[in-house]
Amino acid sequence: MSTVAVSQAGAGGMTKDERFVILASSLGTVFEWYDFYLYGSLAGIIGVQFFSDYPPATRDIFALLAFAAGFLVRPFGAIVFGRVGDIVGRKYTFLVTILIMGLSTFIVGLLPNAATIGFAAPVILIALRLAQGLALGGEYGGAATYVAEHAPNGKRGYYTSFIQTTATLGLFLSLLVILFTRTATGEADFAKWGWRIPFLVSVLLLGVSVWIRLRLNESPIFQKMKDEGKSSKAPLTEAFANWQNGKLVLLALLGGTMGQGVVWYTGQFYALFFLQSILKVDGYTANLLIAWSLLLGTGFFVVFGALSDKIGRKPIILGGCLIAALTFFPIFKMITTNANPALEKAIESGKVEVWADPAGCGDLFNPVGTRVFTAPCDTARAFLSQSSVKYVTMPGAAGSGVKVVVNGKEVPYANAKDGNPAVLAAVQAAGYPKAGDPGIVKMSNPFDIFRPQVAAIIGLLFILVIFVTMVYGPIAAMLVELFPTKIRYTSMSLPYHIGNGWFGGLLPATAFAIVASTGDIYAGLWYPIVFAVITAVVGFLFLPETKDVDIKAT
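Residues numbered from 1 in each chain as written. Predicted model: local features only at pLDDT ≥ 70, side-chain atom pairs only at ≥ 80, totals over all residues. Heavy atoms only, no water.

## Observations regarding unusual backbone geometry
Here comes step 1: One non-glycine residue, Ser388, lies in positive phi territory at about 60°.
Here comes step 2: By relative accessible area, Ser388 is classed as buried at 2%.
Here comes step 3: Positioned with a positive phi, Asn407 is a non-glycine residue whose angle comes to about 50°.
Here comes step 4: By secondary structure assignment, the location of Asn407 is in the loop between β3 (403–406) and β4 (409–411). (Buried < 20%, exposed > 50% of the residue type's maximum accessible area, 1.4 Å probe, protein only. Helix = DSSP H or I, 4+ residues; strand = E, 2+ residues; numbered from the N terminus.)

This is the structure:
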């Protein structure tokens, strides 16, 4: 099989071979993200198929926990495959990761459900999900390192920015395939068997990715180091037990990827959650709004990556964190104004109080959805938060029961499981909109984007995506340049996947838990704001600028 030997670019443009390196690395990573996000997009259906022995609420929780497991194991994948990549090589490591990811996804499409093989079905599913998370933990660092080690000095931000588009493109591709399959099969058949098709299709993407990557040679910088016998024999020890390098790993996390991760997940994922779960926008419209903002904004990954080659990585990444932190509250409030104006008016004019003995009120922090609330104070507050009602908790007398007061009028509350119709009727009478309220934004088709209400929301979401591209576009180049060649794969992968897999990946669930605990639909934004500000401060004070680093000399 012929392989591509990549020539080194001079001061001019990108060579044909360099374009192929970027294409091969990026395309494979797009497919890996496609595989990873398929599960999240279909979590509800997967819960029915593989956790059918449990009540609906419980199976949804297990389905989401299985999705979260993929995020939680990513740093461990970074350690395992980072070590292999620094010992064996970049090319073969990310060949292994894409095979693991692709085959795991394909097997999900073939896996019998719980009704067929019982308890084995969810166990195998979770094992496959863990394999996906481990593979993704090794993929990104390999692709970013491989591209960066082919890039000429002065263009690493531009070259690696194409890798940064892959997560967004993978998400976009997964949504398109699901939408097409749903349309072709119909909702009933899609829920029964059609959901398997997007998973099975991944084997074709896997074949293309493997074929392309087999045509690549090893990174010239790594190959030269290996030929000279200078490669690391113990990359984990050198990366993390050596304080000089360990300090950089810590700074890369606290002063870079932690803030980048929360800004990214706020702009792409929490915004979608906010539209659907809090503003009660239907799923079809919410996904189209996000899709349009991503379509308009994705090119800016490359813009900011290239700009970082000229003005530096720090000003763009840390500036993006700071601007996002300062503007999240007004932007999300403007999204509410346009997407659900009746809700905004009700929040401003209505007053809802939950009176209860403080001893009978617990916290509602439930980031993974496994807690079951039984105390009347907790169930009342949980019900109000799920209904997007802003409330305050007031201290009642010792031993007193729970009272819900809406605009000064007490409403009977019996801790019932019937949806609390009396409370629901009272808050709706106070102006809170009903489900399907005609004032809530709704798109009739994918191109229904020119109405002022829709255009305004897409514009606001586009701004959030711009923040994402600012913090994410240059981050790969910065991480590569922070660490020496012999332990680069290991060193850069861990802070990236902790920042994105943990701080970012757990953001939507944690932010909603904060909303439920406080009774304020915007309170969840404090999660990304606090971490983005910490990253901006730590980064500005301690993180070195890396754009002029010659990685061939390290």
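## Observations concerning the sheet that holds strand β2 (residues 392–395)
Here comes step 1: In space, the four strands of this open sheet follow the order β2-β1-β3-β4, with mixed pairing throughout. Strand pairing shows two members of the sheet lacking a second neighbour, β2 and β4, which therefore form its edges. Averaged over all pairs of adjacent strands, the angle between their axes in this sheet comes to 35°, without regard to strand direction.
Here comes step 2: Running at roughly 170° to strand β1 (residues 352–356), helix α19 (residues 376–386) makes contact with β1, β2 and β3 of the sheet. (Pairing = 2+ DSSP bridges. Axes fitted to C-alpha atoms, helices over the stretch in contact; angles between N-to-C directions. Contact = heavy atoms within 4.5 Å.)

## With respect to helix α22 (residues 475–482)
Here comes step 1: Among the eight residues of α22, eight are classified as buried, and the element is accordingly described as predominantly covered.
Here comes step 2: Restricting attention to buried positions, one finds in α22 the residues Ile475, Ala476, Ala477, Met478, Leu479, Val480, Glu481 and Leu482.
Here comes step 3: On its buried face, α22 is in contact with α7 (120–148), α8 (156–164), α14 (243–278), α17 (313–339), α21 (452–472) and α23 (488–504).

## Description of the packing of α14 against α23
Here comes step 1: Packing of α14 against α23 leaves a shortest axis separation of 8 Å and a crossing angle of 35°. Handedness of the α14/α23 crossing: right-handed. Taking contact as the criterion, the partners of Asn245, Val249, Ala252, Leu253, Thr257, Met258, Gln260, Gly261, Val262, Trp264 and Tyr265 in α14 are, on α23, Ser491, Pro495, Tyr496, Ile498, Gly499, Asn500, Phe503 and Gly504.
Here comes step 2: Residues of the contact of α14 with α23, tallied by class, amount to eleven nonpolar, eight polar and no charged. (Left-handed = near helix turned anticlockwise from the far one by under 90°. Nonpolar A, V, L, I, M, F, W, Y, C, P; charged D, E, K, R; others polar.)

## Some details on α19
Here comes step 1: In terms of residue burial, α19 counts as a mostly covered element, since nine of its eleven residues are buried.
Here comes step 2: Here the buried face of α19 lies against β1, β2, β3, α20 (421–429) and α24 (507–518).

## Digging into the environment of Ala66
Here comes step 1: Within the element layout of this structure, Ala66 appears in helix α3 (residues 56–72).
Here comes step 2: Separated by 196 residues in sequence, Ala66 and Val262 place their C-alpha atoms 21 Å apart.

## Quick look at the packing of aromatic side chains
Here comes step 1: Scanning the model with the defined rule gives 28 aromatic pairs in all.
Here comes step 2: Ring centres 6.3 Å apart and planes at 50° place the aromatic pair Tyr270 and Phe274 in the tilted group. One end of the pair is Tyr270 and the other is Phe274, both in helix α14 and four residues apart, which spans about a single turn. The pair Tyr270 / Phe274 is uniform in exposure class, with both members buried.
Here comes step 3: Relative to Trp526, the ring of Phe329 has its centre 5.0 Å away and its plane inclined at 65°; by these criteria the two rings are edge-to-face. Of this pair, Phe329 sits in helix α17 while Trp526 is found in helix α25 (residues 526–542), placing the two residues 197 residues apart along the sequence. (Phe/Tyr/Trp six-rings, centres within 6.5 Å; stacked < 30°, edge-to-face > 60°.)

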